[in-house]
Amino acid sequence: MTALLKIDGITVHYSRLAAVRNVSVEVGEGEIVCIVGPNGAGKSTTLLTISGILSPTEGTVTFGSKNITGANPENVARMGISQVPEGRHVFTVLNVEENLRIGTLMRRDRSEIEKDFKMVLDMFPVLAERRRQPAGKLSGGEQQMLVIGRALLTRPKLMTIDEPSLGLAPKIVDRVYEVLTDLRNRMGLTLLIVEQSSERALKAADRIYVLRSGQIQLSGNAKDLRDGEKVKQAYFGFSDAAKHVGEVAF
Amino acid sequence: MGYIIQVIVDALSLGSLYALAALGIGLLFGVLRLINFAHGDFITLGAYALIVPAYGPDAIRFIADFHPVALIICTILVVVAIALLSELLVFRPLRYASAATLMVGSFALSFVIQNLIIMIYSGRPKSLNLWSDLTAIKFDVGGVDIALLPLLIIGVTMVLMVLLVLFLKHTPWGVQMRAAAEDFKMARMLGVRANFVISLAFVLSGALAAVVSLLFEAQLGILMFRMGTPLMVFAFIATVIGGMGSLVGSVVGGMSVGIVSSILQAGLPSEIRGYRDVFVFGLVILVLLLRPQGIVLSRATRERV
Ligand SMILES: Nc1ncnc2c1ncn2[C@@H]1O[C@H](COP(=O)(O)OP(=O)(O)OP(=O)(O)O)[C@@H](O)[C@H]1O
Ligand SMILES: [Mg+2]
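Note that this is a predicted model, so its numbers are computed, not measured.

About the thresholds
In this numbering scheme, every chain counts its residues from 1 along its sequence in written order. As a convention, the first chain written is A and the first ligand written is 1, with the rest following in written order. Predicted model: local features are reported for residues with pLDDT of at least 70 only, side-chain atom pairs are reported and counted for 80 or more only, and whole-chain, interface and lining totals are derived from all residues. Values shown for side chains rest on all heavy atoms present in the structure; no hydrogens or waters enter the calculation. Runs of E in the DSSP output that reach at least two residues are strands. Runs of H or I that reach at least four are helices, and both are numbered from the N terminus. For every residue, the accessible area (1.4 Å probe, protein chains only) is compared with the maximum for its type, and the residue is labelled buried under 20%, exposed over 50%, or partly exposed between those bounds. Here, two residues are considered to be in contact whenever any of their heavy atoms come within 4.5 Å of each other. In these tables, accessible area is a Shrake-Rupley quantity obtained with a 1.4 Å probe, and a residue counts as shielded only by the protein chains included in the view. The convention is simple: Lys and Arg are positive, Asp and Glu are negative, and His and the chain ends are not counted. Every charge is mapped onto a representative atom, which is NZ of Lys, CZ of Arg, CG of Asp or CD of Glu. Distances define the donors: N, O and S atoms within 2.8 Å of the metal qualify, as do those within 3.2 Å of Na, K or Ca. Water is excluded, so some sites may look unfinished. Here, any two strands with at least 2 DSSP bridges between them count as paired. The axes are straight lines fitted to the C-alpha atoms, using for helices just the contacting stretch, and the angles between their N-to-C directions are given from 0 to 180°. Distances are taken per atom, and a residue is near a molecule or strand as soon as one of its heavy atoms is within 4 Å of it. Contacts described as polar in this section are N or O atom pairs within 3.5 Å, which, within protein, must combine one atom able to donate a hydrogen with one able to accept it, while residues neighboring in sequence count only if both atoms come from side chains. For this classification, Asp, Glu, Lys and Arg are treated as charged, while Ala, Val, Leu, Ile, Met, Phe, Trp, Tyr, Cys and Pro are nonpolar and the rest, including Gly, are polar. Within the patch definition used here, like charges are joined within 9 Å and nonpolar side chains (Val, Leu, Ile, Met, Phe, Trp, Tyr) within 5 Å, considering only residues with over 30% relative accessible area and no salt bridge. Whenever a carboxyl oxygen of Asp or Glu lies within 4 Å of a side-chain nitrogen of Lys or Arg, that contact is scored as a salt bridge.

Caption draft 1: Inspection of the overall build of chain A at higher detail. Regarding its fold elements, chain A presents 10 helices and 10 strands. Along the first, second and third principal axes, the C-alpha atoms of chain A reach 55 × 40 × 35 Å. Counting the 250 residues in chain A, one finds 54% classified as buried. Here the analysis covers contacts within chain A between residues at least 6 apart in sequence; of these, 66% occur between residues at least 24 apart. Counting only carbon and sulfur atoms, one obtains 48% of the accessible surface of chain A, whose full area is about 11,200 Å². Counting 33 positive and 29 negative side-chain charges, chain A places the averaged centre of each group 3 Å from the other.

So this is what it looks like as structure tokens:
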């Protein structure tokens, strides 16, 4: 499998503090890869570095055959990487339809756009019902659907999503993952997903990376790690596993 | 009765000029979180563009003698070019700096522009009549003569506000600008080009400044190297009391300041009329004490690029 995205040894600083150190992640074409890890592990930092919101002090990010290290966010997006960042970044001043239309601004293929538009509205019927409503009036789950739909409308080659399950009811999370898996299977969309719950990641992903304290602790095929034991150890570290194990639903 | 109409027309036309200037400031603040203190100097430059750049004591008419349509277009082009140049040379290098640094940058730009005008045109005021028909044509309303110019100022402002709203609400570029104003990073991650949106804001702001230049010069009949500064100061106050980041707030604020000034001008006893601005600023302080966020709340977040 050829790597579509290759993160090679990146270190990212917030002023003096290194949030991520020497992290390498590869995502093959058509793969679903999950990065899991506890709070403050550096997961969001890693995704924002791919998008060009942050620049690494060391290491490179390669997309296809292009080096995109330190590229502008808009250029990264135009190359085919669409990011759904942490927190729901709907434009509250725009209505639902305008939010979705922003997703199509880079495209010129009119007829295809309309088809994709229909696809997204079919996928999330709530959005169709609320087309003309201000996006800020949607519920949290509906906003999450909106930002995923909007990212899909860019017709990305790679979609990165930061914690799609945050604050959503388990039933809606199931639905979101169902949609994402379906998109991969039907359209060959490549996905890099950040998840807090390693259980969910092991279910959805082909491969997973465990990130803790800014470093990759473990990586491998989801199949091989399915029993969860190794992941749990890497996730919490050996010393404080006992302290925290009760707090997170495994 | 006629006198009251006179006061109302004056109040609305002054408020309109402030509102137009405030919109120019508000647009840039919305997208870039920049309080552009050089906006007044953009207005000044639009007026100076009407004459030949020469140091002598008299104004040698240049664009001022063009056909009105050509005159308006040329003035807008000049001011827009200056606004874009300012973006490129001053504000683009400062894009990731703090809002305070940006503001200081705009002070510096204002200073540079004023001194350039003094160098090129000299610091002496020059008399320049523009469209003198507009002040000469008068309508008799209830026994008082109302000139065409203030009515034109009010009309032009209303038309421009409608056009701006249509642009922002119903064109793809306008929607991109509103999205970027709310969440610039997210907009960029969806492919909205930062340079494009910011340049667009400078173009609109410059075009609005140019219109203010012409209307103000037609009213004033004189060129001064700091003629735009009072407009900038009142427009800034207007955006503050209207609510920073809200364009509706800019208009409401501009109109309020203009109306209050005019009413004070008409109503204050003549001995203290000279201190009119003291009362205006006093009222501003009062508004800010009662409503620190401004009259109109902005939904946009405060985060920048
Ligand atoms: N804007 C910032 N400025 C300074 N430090 C930051 C900033 N954002 C994150 N950090 C720090 O960088 C580290 C990694 O943060 P990051 O947001 O990448 O973690 P995360 O894995 O996404 O965590 P979570 O699961 O809580 O979202 C943390 O220690 C955090 O405190
Ligand atoms: Mg995070």
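Caption draft 2: Main features of the coordination of the magnesium ion (ligand 2). All names here are of chain A. All of the protein donors around the magnesium ion (ligand 2) are S44 (OG), E86 (OE) and E86 (OE); their distances to the metal are 1.9 to 2.8 Å. Of the two residues, S44 is situated in helix α1 (residues 43-51) and E86 in the loop between β6 (81-84) and α3 (96-102); the sequence distance between them amounts to 42 residues. With a relative accessible area of 17%, S44 lands in the buried category.

Caption draft 3: How the structure looks around the sheet that holds strand β8 (residues 190-195) of chain A. Residue and element names in this part refer to chain A. Taking strand neighbours across the sheet as the criterion, the six strands line up as β6-β7-β8-β3-β9-β10 in an open arrangement whose pairing is mixed. At either margin of the open sheet sits one strand with a lone partner, and together these are β6 and β10 (215-221). The sheet shows a mean angle of 15° between the axes of neighbouring strands, direction not considered. Alignment of strand β3 (residues 32-36) against β8, held across five bridges, turns out to be parallel. Within β8, the position partnered with C34 by the bridge is I193. Where α1 meets the sheet, it contacts β3, β6, β7 (158-162), β8 and β9 (207-212), and its direction lies at approximately 150° from that of β8. In this fold helix α9 (residues 229-236) packs onto β3, β9 and β10, with an angle of close to 30° to the strand it touches most, β9.

Caption draft 4: Just the site of ligand 1, in detail. Residues and elements named next belong to chain A. In the region of ligand 1, 13 residues are neighbours, and N39, K43, S44, T45 and E86 sit closest. At 2.9 Å, a backbone N or O of G42 approaches an oxygen atom of ligand 1. Expressed as a share of its isolated accessible area of 630 Å², the protein-covered part of ligand 1 is 61%. Considering every element that reaches the shell around ligand 1, the biggest residue donor is α1, with three residues. A per-class count over the shell around ligand 1 returns four nonpolar, six polar and three charged.

Caption draft 5: Broad picture of a positive patch on the surface. A cluster of basic residues, A:R78, A:R108, A:R110 and B:R193, forms a positive patch on the protein surface. With respect to the helices, strands and loops of the structure, B:R193 is situated in the loop between α8 (184-189) and α9 (194-220). Judged by relative accessible area, which is 36%, B:R193 ranks as partly exposed.

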